[in-house]
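# Structural overview for review
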Amino acid sequence: MKTTWMLLLAPSLLALAPATARPPVDAGSLAKAADDPAASHAWALAELERALGDKEWKSLSTGGPRAAFFRELAKPDGLLDELMFSGPLPDDPAKMIRVAESLWKADARSMADRRELTTAAAVALTFGDGKWPEDQAAARYEYYRDSRKAGQLHPMFDTLETWEKRYVVSVSSNGGWAGDDGWGERSMEWLRDHVKLPAADYTKACWQAPYRLNNVFGDSIHGKNYYAPFKEMIHAERVREVGGVCGSLSHYGATAARSNGIPAITMGEPGHCAYAVRLGPGEWTPAYSLSWKRGLHTSLWGRTWTQLVLQDKVLAEKYASHRSDVHLWQARSLRDEDPDLAASAYRMAVEAQPLNQQAWLEIARWMKERRQPSPADWKAFHDQALAALADYPEAAWEVLAVFQPSVMPQVPADERIPFLLAFHDAIAARKGPVMWDFGKALDEQVKMLGGDHATELEFFEQVVAMQVRSETWLAPVVAWGRERFAKDPAGATECFNVLARGLAAGGGSSQAESLGKVLAPVILAAADTGNVDAFQALSKLAGTTPAKVPTGEPFPGELLSAGGLLKISTTSRWDDPSQHAAVLEASGGRFHTDKEVKPHAVVRLAKLGELSGIVLASTASGYNSTREVPLKVSVSEDGQQWTEVFRTEKPGGPWRIPLEGKAPRVGYVKVERDDDRSEVFHMNAIQVYGRRLQ
């Protein structure tokens with residue numbers, strides 16, 4: 001039986017007059033077109049006409065000097081299909097067509113080879129964006145054409161589709177044109193010739209360049225003179241020899257991969273620049289990354305990591321993706337003439353590919369602006385979108401956020417919390433592909449409740465009860481509640497009581513003394529996902545008594561480990577995760593792994609720092625103390641590349657490790673037992689001192 005929103009999208013039986021390039025349509029032809037290659041190609045041409053507008057379309061299609069190119073473009077299984085079935089069009093489709101035309105006129109013979117055709121299409125799609133100079137497109141195409149023919153690219157390049165090559169040819173600076181004095185063709189040629197690695201090793205390529213805030217003359221990278229004395233050098237070589245900070249190093253790593261034909265991107269993180277390399281289908285691997293909070297500099301769908309992962313899956317499912325695209329084009333062409341028939345095409349688009357978040361977003365905006373559905377219709381659409389996207393919670397929320405704020409005033413007061421809770425019910429059993437800013441979604445939801453404090457607390461309680469079964473989402477929910485409601489002692493007490501009731505209602509314990517046990521797996525989950533805020537908030541709510549471990553005199557500077565995150569290699573029945581955060585504080589706490597070879601604990605500092613020293617302490621004695629040695633300590637800026645700074649065979653501690661001048665930029669510390677015994681590992685204090693760099 002059709003749902004309410006599907007009835008809302010029911011087709012009209014009225015046939016429409018064809019547009020210039022659009023095939024004739026009626027209620028029966030929509031579905032057939034998506035399965036007919038000739039009809040799909042015709043719809044691609046019709047969508048191009050719509051995107052170009054009348055003036056540009058007439059310039060392209062009415063003969064004259066562009067006639068030969070238009071005939072080529074209109075051929076099936078050629079350039080048109082590569083442009084139209086490879087993700088969203090750029091913001092200037094006319095510019096995209098001009099670039100494609102220019103490349104074809106200059107090199108039609110090479111573009112008869114699909115390997116060069118897909119490269120040309122990817123370049124046209126990239127340089128069709130407003131930030132990219134049209135007159136530089138040929139040089140980018142020629143670089144990849146000539147490098148491929150000469151066998152200078154990684155073999156992966158020849159396996160890529162057009163949409164995948166968009167992540168290769170878009171070598172850039174923060175997503176925009178970099179210029180030949182920056183990350184342009186000269187740097188690309190240098191990196192192609194000097195950085196030849198297995199694909200996986202490009203995630204480490206950034207470390208070929210030294211991290212240096214000041215050059216040899218003392219000039220800061222934040223000033224204009226850092227690279228000035230080396231202006232005759234190619235920029236990539238300059239970065240490798242002179243150095244740079246996170247932005248330069250990440251662009252070096254990403255551009256090295258792209259210059260060798262491997263998809264990569266750069267991305268912004270809080271106070272940092274990182275990058276990622278695509279090692280294979282669906283295998284985007286972060287590099288030099290310090291946080292899950294990422295804003296992508298290059299993306300086909302949007303700027304979130306969830307969208308990157310999701311669009312990779314959707315576009316890789318070629319048959320479903322192409323059918324969904326055709327139905328979207330049908331809907332766009334029909335919206336003004338026959339909204340009912342357009343609605344039917346939209347329905348078919350998400351039925352063809354339910355994970356097409358961009359289709360769901362487009363439908364939601366169209367319904368909101370043009371259809372003005374009732375709350376019941378919205379609820380039915382809401383349920384359909386949520387069921388389709390629940391495995392990608394951030395993507396699902398982005399769709400719901402389009403319409404929920406405008407619909408909520410129409411929802412009866414006693415139904416508003418249940419309406420919002422449907423999202424949490426759908427995702428509670430799903431881990432999701434990545435951590436995301438769940439607290440922001442909760443802020444947006446609670447804002448729809450009208451500002452009543454008691455109602456907000458009721459909502460918090462019910463979300464906790466619903467998310468108790470989710471180790472992934474309970475942590476950020478608790479962290480959000482603590483930040484929002486526990487701003488003073490009275491608020492903290494109120495927040496704790498609400499949390500306890502929510503845990504009890506969801507099957508946890510309402511007894512304060514049992515709260516640590518209830519939160520233990522959630523604290524571990526927060527550590528596993530790198531969510532420092534949730535890790536700290538949950539640890540404070542657990543409210544355990546500090547251990548007061550004797551550690552001796554601190555090293556100079558701040559206690560950089562305080563407020564950070566502790567992740568251990570395994571947990572055990574002797575472990576108490578509610579004490580993990582205290583291990584990083586002046587008081588001390590404890591952790592206890594299971595029996596394993598090379599057990600370890602990794603500390604993520606609250607901020608990057610220049611270290612003065614590390615203090616390790618344990619209350620173990622006798623045989624138990626031998627489980628801690630041989631003890632090895634390493635430091636890292638990004639948690640991937642490690643440098644050993646200490647080793648001892650002597651048990652007992654405390655161990656004091658002076659590091660003045662030896663650890664200038666550290667974000668992570670690893671403490672491990674470095675032998676081949678299968679044995680437990682435990683420690684009571686890992687205190688890291690130094691000067692904050694952020």
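Everything discussed here concerns the structure shown above.
We now turn to the structure provided with this report.

## Notes on the side chain of H382
- Note that H382 resides in helix α18 (residues 375-389).
- A relative accessible area of 0% places H382 in the buried class.
- Setting aside residues up to four positions removed in sequence, H382 forms contacts with L400, F403, Q404, F419 and A422.

## Some details on the state of the cysteines
- As enumerated under the stated definition, the model contains 0 disulfides in all.
- The thiol of C206 is unpaired, and the distance to the nearest cysteine sulfur, on C273, comes to 10 Å.
- The cysteine C246 is free of any disulfide, with C273 supplying the nearest cysteine sulfur at 5.8 Å.
- Given a relative accessible area of 12%, C246 falls into the buried group.

## Observations concerning unusual backbone geometry
- Put simply, V629 and P630 share a cis peptide bond, and its omega is 0°.
- You can see P630 is positioned in the loop between α27 (623-626) and β10 (631-636).
- Residues G653 and P654 are joined by a peptide bond in cis, for which omega reads -5°.
- You can see P654 is positioned in the loop between β11 (643-648) and β12 (655-658).
- The phi torsion at D77 lies on the positive side, around 55°, for a residue other than glycine.
- Relative to the elements of secondary structure, D77 occurs in the loop between α5 (67-73) and α6 (79-84).

## Quick word on the nonpolar core
- By size, the foremost hydrophobic cluster in this structure holds 210 residues, and its most contacted members are L48, L83, L566, L611, I614, L616 and I686.
- The contacts of L616, once residues within four sequence positions are left out, are L631, V633, P654, W655, I657, V671, M683, A685 and I686.

## Points about helix α13 (residues 246-259)
- Given a rise of 1.5 Å per residue, 14 residues ought to cover 20 Å, and the 19 Å separating the end C-alpha atoms of α13 matches this to within 8%.
- Counting buried residues in α13 gives 13 out of 14 residues, a clear majority hidden from the surface.

## With respect to the layout of surface pockets
- Its volume calculated, the largest pocket comes out at about 1,100 Å³.
- Along the walls of the largest pocket sit 42 residues, with W292, R294, D528, T529 and G530 positioned nearest its centre.
- Its boundaries defined by the atoms lining it, the second largest pocket holds a volume of some 650 Å³.
- If you trace the second largest pocket, you find 24 residues lining it, with Y211, E637, P664, R665 and V666 closest to the centre.
- Here the lining of the second largest pocket is built from residues that sort into 11 nonpolar, 7 polar and 6 charged.

What counts, and where the lines are drawn
The residue count restarts for each chain, going from 1 along the sequence in the order it is written. pLDDT decides what is reported in this predicted model: residues at 70 or higher carry local features, side-chain atom pairs at 80 or more are listed and counted, and totals for whole chains, interfaces and linings draw on all residues regardless. The basis for the side-chain values is all heavy atoms of the structure; hydrogens and waters are excluded. Numbering of helices and strands starts at the N terminus; helices are DSSP runs of H or I of at least 4 residues and strands are runs of E of at least 2. Buried, partly exposed and exposed residues are distinguished by accessible area as a fraction of the type maximum, computed with a 1.4 Å probe on protein chains only: under 20%, between the cut-offs, and over 50%, respectively. We call two residues in contact whenever any of their non-hydrogen atoms come within 4.5 Å of each other. Any pair of cysteine sulfurs within 2.5 Å is marked as a disulfide. The nonpolar core is taken to be a set of buried Ala, Val, Leu, Ile, Met, Phe, Trp, Tyr and Cys residues, with the residues joined through side-chain atoms within 4.5 Å. For a helix, the expected span equals 1.5 Å multiplied by the residue count minus one. Only protein atoms enter the calculation, which uses a 1 Å grid: trapped sets of points that fit a 1.4 Å probe without letting it out are cavities, open sets showing protein on both sides within 12 Å along at least five of seven lines are pockets, and any residue with an atom within 4 Å of a point is a lining residue. Grid points are joined across faces, edges and corners, and a volume is the space filled by probe spheres set on the points. Polarity classes work like this: nonpolar for Ala, Val, Leu, Ile, Met, Phe, Trp, Tyr, Cys and Pro, charged for Asp, Glu, Lys and Arg, and polar for all others, with Gly in that last group.

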